[in-house]
Amino acid sequence: MYNYRKVTDDLYWVGANDHRLALFENIHPLYHGVSYNAYVLLDEKSVLFDTADWSVSREFLANVKAVLNGRPLDYMVINHVEPDHAASIEEILLRWPEVKIITTPKAVTLLNQFGFDLDPNKVDEVKEGDSRCFGRHTIAFVYAPMVHWPEAMVSFDTTNGVLFSADAFGSFRALDGKLFADEFDFDREWIDDARRYYTNIVGKYGPQVVALLNKAASVVGLDNIKMLCPLHGPVWRKDLGYIIDKYTHWATYEPEEKGVMIVYASMYGSTENAAEVLAAKLAERGVVNTRLYDVSSTHVSYLISDLFKYSHMVLASVTYNLGIFPPMHNFLADMKALNLQKRTVALLENGSWAPRSGALMREALEELKHIDILDDGLSIASSLREQNISEMDALADAIAASVQK
Ligand code: FEO
């Protein structure tokens with residue numbers, strides 16, 4: 001049965017939710033599902049904006065058919081060709097063979113690489129700033145390279161201010177009947193999923209996101225954007241400033257708030273104990289916005305997400321094979337891959353006979369941009385003992401002073 005929703009008088013959400021997918025991109029765990037959004041505009045011409053993942057193709061096609069209600073499909077705008085949005089293109093072409101595709105030249109190249117056999121006579125390759133009129137609505141196309149793939153563009157409806165924003169402003173989590181961000185308490189229920197989506201999927205491309213935001217401001221005018229229709233997660237029709245502000249922080253790697261995430265790598269509990277003692281000492285100094293994570297049992301996508309949120313981080317690692325404990329090493333590699341910047345870090349190492357993890361973590365952090373490593377660190381031998389307490393107090397003092405300045 002179809003299950004579409006009206007977005008505006010003549011625009012419809014025709015996407016679908018997937019609750020079965022365990023790993024997004026086969027790497028990021030999903031516990032609340034994900035939505036694949038697509039939209040149909042019924043103007044003098046009918047226009048489909050993007051398609052959906054193969055897993056929800058049946059529901060998506062039923063929605064498109066129901067909204068068209070016997071009308072032909074005249075155009076398909078493809079903003080992004082990653083298969084979670086482009087997989088159903090061929091099904092659209094089979095059912096509506098006369099449809100004309102509007103997309104970027106780079107998208108055509110990638111679609112061919114993915115095995116789509118497109119008729120060049122039915123593809124309209126748009127250039128940056130081109131627009132097309134479909135009756136009452138005129139849509140302008142703005143390139144958005146590397147948000148999140150090189151072919152991406154966003155489409156702006158100059159008639160009513162709807163921005164089809166591709167991966168930008170997307171989020172993990174299924175919609176489950178709701179569609180608009182104002183239909184639930186986004187800041188309580190959704191922001192963590194939105195942050196984890198952005199930071200892990202698009203986080204590396206902060207400069208490109210900033211470029212898109214600047215382009216949107218200069219070409220379209222931020223005040224002229226009345227609605228954000230992303231490819232995942234809810235549609236924004238109110239309080240757009242809230243999510244644009246979050247994006248501005250994430251894209252520029254500025255922390256959202258002052259706070260300390262303590263991530264420990266512990267084999268038998270001694271490094272964990274040291275991390276907990278440090279957290280208690282921070283609380284005694286008034287630093288209570290802290291989060292403590294076991295790097296071995298927390299998926300790295302959650303660590304990355306909180307890392308984009310908080311201003312400070314403590315890395316506490318046992319030495320393993322004369323190196324950094326592998327899950328901590330992986331976390332550091334992900335930080336570099338995602339271009340993490342502008343954080344203050346304290347280090348705590350443990351080693352029973354040749355502690356090395358502190359120096360190696362420092363080396364890894366020094367490869368990142370604008371990372372301030374506090375001079376006060378701590379090296380413990382096997383476990384935290386009385387003789388370490390003065391150094392631990394100095395470390396807690398230094399972190400608290402940095403957070404509270
Ligand atoms: Fe949800 Fe980059 O695709």
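The structure we're discussing is the one just above.
Residues numbered from 1 in each chain as written. Predicted model: local features only at pLDDT ≥ 70, side-chain atom pairs only at ≥ 80, totals over all residues. Heavy atoms only, no water.

Caption draft 1: Looking closely at the sheet that holds strand 13 (residues 138-143). Here we have 5 strands laid out as an open sheet, ordered 12-13-14-15-16, and mixed in their pairing. Two strands in the sheet have a free side with no partner beyond their single neighbour: strand 12 (131-133) and strand 16 (227-230). For this sheet the average axis-to-axis angle between neighbouring strands, irrespective of direction, equals 20 degrees. Note: strand 14 (residues 153-157) against strand 15 (residues 162-166), 3 bridges, orientation antiparallel. The residue of strand 15 that forms the bridge with Ser155 is Phe164. (Pairing = 2+ DSSP bridges. Helix = DSSP H or I, 4+ residues; strand = E, 2+ residues; numbered from the N terminus. Axes fitted to C-alpha atoms, helices over the stretch in contact; angles between N-to-C directions.)

Caption draft 2: Examining the sheet that holds strand 1 (residues 5-8) more closely. Strand order across the open sheet formed by 7 strands is 1-2-7-8-9-10-11, with mixed pairing between neighbours. Across the chains shown, the open sheet's two edge strands, defined by having one partner strand only, are strand 1 and strand 11 (123-125). Within this sheet the neighbouring strands show an average axis-to-axis angle of 25 degrees, counted without direction. Examined bridge by bridge, strand 7 (residues 39-42) and strand 8 (residues 46-49) share 4 bridges and lie antiparallel to one another. Along strand 8, the bridge assignment pairs Leu41 with Val47. Strands strand 2 (11-13), strand 7 and strand 8 of the sheet are contacted by helix 1 (residues 57-68), whose axis makes an angle of about 10 degrees with strand 7. (Contact = heavy atoms within 4.5 Å.)

Caption draft 3: Region of interest: the packing of helix 10 (residues 300-309) against helix 11 (residues 326-337). Interaxial distance between helix 10 and helix 11 falls to 10 Å at its minimum, and their mutual angle equals 50 degrees. Here helix 10 is positioned oblique relative to helix 11, judged by the angle of their axes. Remark: the crossing between helix 10 and helix 11 carries right-handed chirality. Together, Val300, Leu303, Ile304 and Leu307 of helix 10 and Asn330, Phe331, Asp334 and Met335 of helix 11 make up the contact between the two elements. For the contact of helix 10 with helix 11, a count of residues per class yields 6 nonpolar, 1 polar and 1 charged. (Parallel < 35°, antiparallel > 145°, perpendicular 65-115°, else oblique. Left-handed = near helix turned anticlockwise from the far one by under 90°. Nonpolar A, V, L, I, M, F, W, Y, C, P; charged D, E, K, R; others polar.)

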